[in-house]
Every structure is written in structure tokens, then in C-alpha cells.
Amino acid sequence: RRTWAGSSRSTERGPMIDIQSFLEQLPVALTTDDQAWSVVPEPYPESRYRTIIDTQHRDPDPFGLHLSFNNQNDRVTISPVVPYGVDLHGSRFAFDYDKPKISVDAARPIEAIVADIDRRLLRHAQIWWTGQCVQAAQSHRRYAAVMKLQQDLQDLFPEGRMRDASVFSGPGFAIKTASSSFDAEITFDRRPHDQIIHLLTLYRQHILKRGDSSHGR
């Protein structure tokens, strides 16, 4: 039966991966002139989930690969680390839709595993990750726009109040500022025309973002 230096097998316990040995070899084998890989420290040594990142490009959120080791056999699933965005209520969430991934046999020579990663995953994963990062950044901008609108409303109408972190109730009007990224509801009750125009201007500036329909209608 084929083995490699980082693998130990037992007929009683079944296949087992020496995760530490695997992690010592993989980043070194993956490193090229364009990418320098390193292991992200894991606080739980027994964890079967690990991450390696490209440290050559000093981005705030560097490109990385997530490794999930199967505890029943010698296979490891590899996928890009997902970026995180924020919804209009400020809750953090992962942009992981349609995430590419591959599964490889960790008992193979490390050079063969790296060749698999290069051929089957790396380029596709980088393209996917870049696109998801764009969407995550957009979500942060949308959230910042809602927060700015809420603060402007509070400054303009100190007597107003925010309800459920999404509905600002002012004198004679209410604006639901965080219902979705596609709409916001405004209701008026006996407001002077100039104040209605002012409120709509704020809405356009911070939600519609100069007519971008993806931020409001």
C-alpha cells in the first residue's frame, strides 16, 4: 500500500492523516515567485479544519485556502477562504455561494497534490474569490450608507427615534432604512413640502447612491 512520510495508517483504526506533517509540506510546495504561502495558527490542535494564506500580497484580507481533513480516510477537501460581508442590520455573513472546491488524496506525494491544486482549483478559486470580495465590499458600503442616513436623520430631527435598528420615526414621517438592499419605505404625515424634499434628498444621497437602482427604488 502506498504511503508518504506524512501519513500513518492502522488496520485497526483506519486511515489517518498526519495533519501537522501535511501542513508543513503543502505551503512550501505551493510557494512560487508570485505567491508565498503560510499556515494560519490554529488554537485547537485537534481541529481537522485548517487554513493557509498567501502572505506575499499584504492585503487586509489575503487570498487563502481552507482545508477540511476527513476523519474516515486520507482525503482532504480544499476550497478558497470565503470573504465576509455585512447585511443592512450590521450582521456579518459569508459570501460563499457556488464556492469551488476539490477533494484530494493526502496520501499521494505532495508534488502531485500541488499539481492537482494548480490544475483543478487555484485559478478558478482566485477568480471566484475576487468576485466575492467585490460583493462583500459593496455590502459594507451599503451598510455604511444606511448608517449615514440614520445619523443624518437623527441630527436633523433630534426628537426622532430609531426602532428595531431599521425604522426611524420623526415628526410626521417614518423611514424604514434597513429592510433590504433593494428598497426602503418612506411614509409622510402632514410634513411641509420643503422638509419632504430634504428627506427625499437624503434618501437619494445615501440609499439610491446617485440613481444606482441596486441600492433602492
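1. Here we look at the side chain of S169
Here is step 1: Along the chain, S169 falls in strand 11 (residues 167-170).
Here is step 2: A polar atom in the side chain of S169 sits 3.1 Å from the side chain of R163.
Here is step 3: Among residues more than four places away in sequence, those in contact with S169 are G160, R161, R163 and A174.

2. Quick look at the sheet that holds strand 10 (residues 161-163)
Here is step 1: Here we have four strands laid out as an open sheet, ordered 10-11-12-13, and antiparallel in their pairing. On the outer flanks of this sheet lie strand 10 and strand 13 (185-188), each paired with one strand and no other. Each strand axis lies, on average, 15° off the axis of its neighbour in the sheet, ignoring direction.
Here is step 2: Where strand 12 (residues 173-176) lies against strand 13, four bridges are found, and the strand directions are antiparallel. By the bridge assignment, K176 is partnered in strand 13 with E185.

3. Remarks on the environment of A136
Here is step 1: By secondary structure assignment, the location of A136 is in helix 2 (residues 110-156).
Here is step 2: Sequence-wise, A136 and F93 are 43 residues apart; in three dimensions their C-alpha atoms are separated by 9.1 Å.
Here is step 3: If sequence neighbours within four positions are ignored, A136 has contacts with P83, Y84, G85 and F95.

4. Comments concerning the nonpolar core
Here is step 1: F22, L26, L65, L67, I78 and I117 are the most contacted members of the largest nonpolar core, which totals 27 residues.
Here is step 2: Broken down by secondary-structure element, the contributors of at least two residues to this core are helix 1 (19-30), strand 5 (64-69), strand 6 (75-80), strand 9 (102-105) and helix 2.
Here is step 3: With nine residues, helix 2 is the single largest residue contributor to this core.
Here is step 4: Sequence-distant contacts of L65, defined by excluding residues within four places in its chain, comprise L30, W37, R50, T51, I52, I78, S79, P80, V81, I117, L121 and L122.
Here is step 5: Within the second largest apolar cluster, eight residues are counted, among which are L149, I175, L199 and L202.

5. Considering the pairing of strand 6
Here is step 1: Of the pairings in the sheet, the one linking strand 5 to strand 6 comprises five bridges and is antiparallel in character. Paired with H66 across the strands is S79, a residue of strand 6.
Here is step 2: In sequence, strand 5 turns back onto strand 6 through a hairpin of five residues.
Here is step 3: Sheet topology places strand 6 next to strand 9; four bridges connect them, and they run antiparallel. Looking at the pairing, I78 lines up with I102 of strand 9.

6. So, the environment of Y143
Here is step 1: Of note, Y143 is situated in helix 2.
Here is step 2: Taking the relative accessible area as the measure of exposure, Y143 reaches 24% and is therefore partly exposed.
Here is step 3: For the pair Y143 and D87, spaced 56 residues apart in sequence, the C-alpha to C-alpha distance is 6.6 Å.
Here is step 4: Residues in contact with Y143, not counting those within four places in the same chain, are V86, D87, L88, H89 and G90.

7. Observations concerning the sheet that holds strand 5
Here is step 1: If you trace the five strands from one edge of the open sheet to the other, you get 3-4-5-6-9, paired in antiparallel fashion. Edge positions in the sheet fall to strand 3 (37-39) and strand 9, since each of these pairs with one other strand and no more. Each neighbouring strand pair of the sheet contributes to a mean axis angle of 30°, computed without reference to strand direction.
Here is step 2: Two strands pair when backbone bridges link them, and strand 3 and strand 4 (residues 49-54) are joined in this way by three bridges, in the antiparallel orientation. When the bridges of strand 4 are listed, V39 appears paired with I52.
Here is step 3: Against the sheet, helix 2 makes contact with strand 3, strand 5, strand 6 and strand 9, and its axis sits at roughly 165° relative to strand 9, the strand it touches most.

What counts and what doesn't
- Residues numbered from 1 in each chain as written.
- Predicted model: local features only at pLDDT ≥ 70, side-chain atom pairs only at ≥ 80, totals over all residues.
- Heavy atoms only, no water.
- Helix = DSSP H or I, 4+ residues; strand = E, 2+ residues; numbered from the N terminus.
- Polar contact = N/O pair within 3.5 Å; in protein donor to acceptor, adjacent residues only side chain to side chain.
- Contact = heavy atoms within 4.5 Å.
- Pairing = 2+ DSSP bridges.
- Axes fitted to C-alpha atoms, helices over the stretch in contact; angles between N-to-C directions.
- Core = buried A, V, L, I, M, F, W, Y, C linked by side-chain atoms within 4.5 Å.
- Buried < 20%, exposed > 50% of the residue type's maximum accessible area, 1.4 Å probe, protein only.

In short, shape yes, function no, at least from these values alone.
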